[in-house]
Amino acid sequence: MGIHEINTISVIGAGAMGHGIAQVFAMNGFEVHLVDISEEILENALSRIKYSLERFVKKGKLSPDDIENVLNRIKTYVELSKGVRDSDLVIEAVSEDINLKIKIFEKVDENAPKDTIIASNTSGLPITAMAEATKRSDKVVGMHWFNPPQIMKLIEVIRCKYTSEETAELIYELSKKIGKAPILVNKDIRDFIANRVYRAIRYEAYLMFYRGEHKPVEIDSAMRYKLGSPMGAFELTDFTGAIEIELLADKSINELCTKYPDWEPHSEYLKFRQYALRVPMEYYKKGFLGVKSGRGFYKYPKPGQWSRVDIPEEAGENVDLISLISPAINLSAWLIENGVTASNEIDLAIKLGFRFKKGILEKADELGIEKVVETLLNKRERWKSEEYSNFYIPQKLLKNMAKKGLNFYD
Ligand SMILES: NC(=O)c1ccc[n+]([C@@H]2O[C@H](COP(=O)([O-])OP(=O)(O)OC[C@H]3O[C@@H](n4cnc5c(N)ncnc54)[C@H](O)[C@@H]3O)[C@@H](O)[C@H]2O)c1
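Given the structure is predicted, the values throughout are model-derived calculations rather than measurements.

**Let's talk about the pattern of salt bridges**
(1) Moving on: Here the structure, examined in full by the defined rule, presents 26 salt bridges.
(2) Moving on: We note a salt bridge from Lys50 to Glu54, for which the minimum N-O separation is 3.6 Å. Residue Lys50 and its partner Glu54 are located together in helix H2 (residues 39-58), separated by four residues, close to a single helical turn.
(3) Moving on: Put simply, Glu246 and Arg199 hold a salt bridge, and the shortest N to O gap is 3.3 Å. You can see Glu246 sitting in helix H11 (residues 242-250) and its partner Arg199 sitting in helix H8 (residues 194-210), a full 47 residues away along the chain.

**What about the environment of Tyr300?**
(1) Moving on: Relative to the helices and strands, Tyr300 resides in the loop between helix H14 (278-286) and helix H15 (321-337).
(2) Moving on: Along the sequence, Tyr300 and Lys187 sit 113 residues apart, while their C-alpha atoms lie 39 Å from each other.
(3) Moving on: In this structure Tyr300 touches Glu235, Asp238, Gly290, Val291, Gly294, Arg295, Gln305, Trp306, Ser307 and Val309, once residues within four positions along its chain are discounted.

**Brief notes about unusual backbone geometry**
(1) Moving on: Between Asn147 and the following residue, Pro148, the backbone shows a cis peptide bond with an omega angle of -5°.
(2) Moving on: Look at Asp191: it is not a glycine, yet its phi comes out positive at around 70°.
(3) Moving on: Phi at Arg355 takes a positive value of approximately 55°, unusual for a residue other than glycine.
(4) Moving on: Among the secondary structure elements, Arg355 is positioned in the loop between helix H16 (343-354) and helix H17 (360-367).

**Thoughts on the sheet that holds strand E5 (residues 117-120)**
(1) Moving on: Pairing within the open sheet is mixed, and its eight strands lie in the order E3-E2-E1-E4-E5-E6-E7-E8. In this open sheet, the two strands that pair with only one neighbour each are strand E3 (74-77) and strand E8 (181-185). The average angle at which neighbouring strand axes cross in this sheet is 25°, direction not considered.
(2) Moving on: Direction of pairing for strand E2 (residues 31-35) relative to E3: parallel, over a ladder of four bridges. If you follow Leu34 over to E3, its bridge partner there is Thr76.
(3) Moving on: Running at roughly 165° to E5, helix H5 (residues 98-111) makes contact with strand E1 (8-12), strand E4 (89-92), E5 and strand E6 (140-145) of the sheet.

**Structural notes on the site of the ligand**
(1) Moving on: Around the ligand there are 21 residues in total, and Met17, Asp36, Glu96, Lys101 and Ser123 lie nearest to it.
(2) Moving on: Contacts to the ligand include Met17, whose backbone N or O atom sits 2.8 Å from an oxygen atom.
(3) Moving on: Glu96 places a side-chain nitrogen or oxygen 2.5 Å from an oxygen atom of the ligand.
(4) Moving on: Across the complex, the protein chains shield 74% of the 830 Å² of accessible surface that the ligand would expose by itself.
(5) Moving on: Listed by contribution, the elements that provide at least two residues to the shell around the ligand are helix H1 (16-27), H5 and E6.

**Here we look at the nonpolar core**
(1) Moving on: Counting residues in each nonpolar core, the largest one holds 100 residues, and the members touching the most others are Ile193, Val197, Leu324, Ile329, Leu335, Ile360 and Leu398.
(2) Moving on: In this structure Ile360 touches Val197, Ile201, Ile325, Ala328, Ile329, Ser332, Ile346, Asp347 and Ile350, once residues within four positions along its chain are discounted.
(3) Moving on: Among the nonpolar cores identified, the runner-up in size contains 39 residues, and Ala14, Phe25, Phe56 and Trp145 belong to it.

**Focus on the packing of helix H18 (residues 369-382) against helix H19 (residues 396-404)**
(1) Moving on: It is the contact of H18 with H19, at a shortest axis distance of 8 Å, that shows an interaxial angle of 130°. Judged by the angle between their axes, H18 and H19 are oblique. For the pair H18 and H19, the crossing hand works out as left-handed. Between H18 and H19, the residues in contact are Ile369, Glu370, Val372, Val373 and Leu376 and Leu398, Lys399, Met401 and Ala402, respectively.
(2) Moving on: Here the residues of the contact of H18 with H19 sort into seven nonpolar, no polar and two charged.

**A word on a nonpolar patch on the surface**
(1) Moving on: A cluster of nonpolar residues, Leu248, Met281 and Tyr284, forms a patch on the protein surface that exposes about 240 Å² of accessible area.
(2) Moving on: Residue Leu248 is classed as partly exposed on the basis of its relative accessible area of 43%.

**Regarding the packing of H16 against H17**
(1) Moving on: Contact geometry for H16 and H17: axes closest at 7 Å, N-to-C directions at 110°. What the angle tells us is that H16 and H17 run roughly perpendicular. Where H16 abuts H17, its residues Ser343, Ile346, Asp347, Ile350 and Lys351 lie against Ile360, Leu361 and Glu362.
(2) Moving on: Grouping the amino acids of the contact of H16 with H17 by side-chain chemistry returns four nonpolar, one polar and three charged.

Thresholds applied
Residues numbered from 1 in each chain as written. Predicted model: local features only at pLDDT ≥ 70, side-chain atom pairs only at ≥ 80, totals over all residues. Heavy atoms only, no water. Salt bridge = Lys/Arg side-chain N within 4 Å of Asp/Glu carboxyl O. Helix = DSSP H or I, 4+ residues; strand = E, 2+ residues; numbered from the N terminus. Contact = heavy atoms within 4.5 Å. Pairing = 2+ DSSP bridges. Axes fitted to C-alpha atoms, helices over the stretch in contact; angles between N-to-C directions. Near = heavy atom within 4 Å. Polar contact = N/O pair within 3.5 Å; in protein donor to acceptor, adjacent residues only side chain to side chain. Areas by Shrake-Rupley, 256 points an atom, 1.4 Å probe, with all protein chains shown as cover. Core = buried A, V, L, I, M, F, W, Y, C linked by side-chain atoms within 4.5 Å. Buried < 20%, exposed > 50% of the residue type's maximum accessible area, 1.4 Å probe, protein only. Parallel < 35°, antiparallel > 145°, perpendicular 65-115°, else oblique. Left-handed = near helix turned anticlockwise from the far one by under 90°. Nonpolar A, V, L, I, M, F, W, Y, C, P; charged D, E, K, R; others polar. Patch = residues over 30% accessible without salt bridge, like charges linked within 9 Å, V, L, I, M, F, W, Y side chains within 5 Å.

Put into structure tokens, the structure is as follows:
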């Protein structure tokens, strides 16, 4: 199927992501079928879309007459079989539960035309598992949007074990056609690129706190003012509710890793991650879930009410930025060495996905690759009694670059 043959797009799941994805396609002239389990949820999704369209009008990005045109392009369905029967592309955006997603893929496969492409908006579950639930695994692909889909430019296009070149290419081109900035993820790896790289920063932040090196406010200050991230790792964790999301996601990790070993192939990273998750676990046990519960790493006015945390620039004065981000640079080098993606795509992902002023590898060049390698070696030496410290062993790519005086962007 070619990109010009895509006219009708079904979106399964009309929640936070699904309604926004449906809106973007309708705004770009596609016929959209939005599917969820109740009329009430679908009505709610349509009013969220209307509200968002009105904001586009207020900003002068949409003419008032177009609200009606866009809404007329969206039809809603509670029966999935009807919602996908004449679609050229189906995007699954149901809750992050692998068993639910597998069921949805089976049902879409049974009811959609045989050439229809099926994409998943999962944040990091194995797309390969979803492809195996269909009889068209070459037409299954990851299409990972960022929240809110109406605004965020980044889309990660993920090739699972079976995705054909043609399918990946089509989703990549379609993403460009609707004004997004796609990056290609060549392997179906847990959390893909933006989240995986960001998490390596967050886990090191957790560990620095756990080991008594710095307080959250100090690390967050360094992230805001030295790294150019709009929020620090701890405040962002509180804001998104990542403590709970991450710990719940980790419950199914062992089973999925056994079944799909290629999905989490970096064993040193896995140990590092699991050790670092001790920190949110302590908070979780106390019921400190972030903004949602009124308290996380910081305190908020009341449960569910966010207010920007006061983080002074001076608080981060003693935080060594290289120490904080060198593990994420090492992880990025692993991704490049293993053919998952390229350096410019990693930087694009982190800039567009997390609104960093500079890419993590641009920052690595600026700080000095030799210094990054030296910092990693020091960390490894300091924590060598802990198994997770193997993650600090510099990747070959970084060592060679340091030896030859090379940069990521020469
Ligand atoms: N929220 C984010 O920031 C974000 C960002 C990127 C990707 N994602 C991913 O997008 C997906 C959806 O996340 P969300 O935040 O929109 O969740 P959500 O809970 O807001 O929405 C999920 C929707 O799926 C619907 N659903 C459940 N079972 C269904 C079924 N059998 N048939 C049809 N619809 C069904 C639910 O009723 C709900 O409306 C998840 O895989 C998530 O990991 C989320």
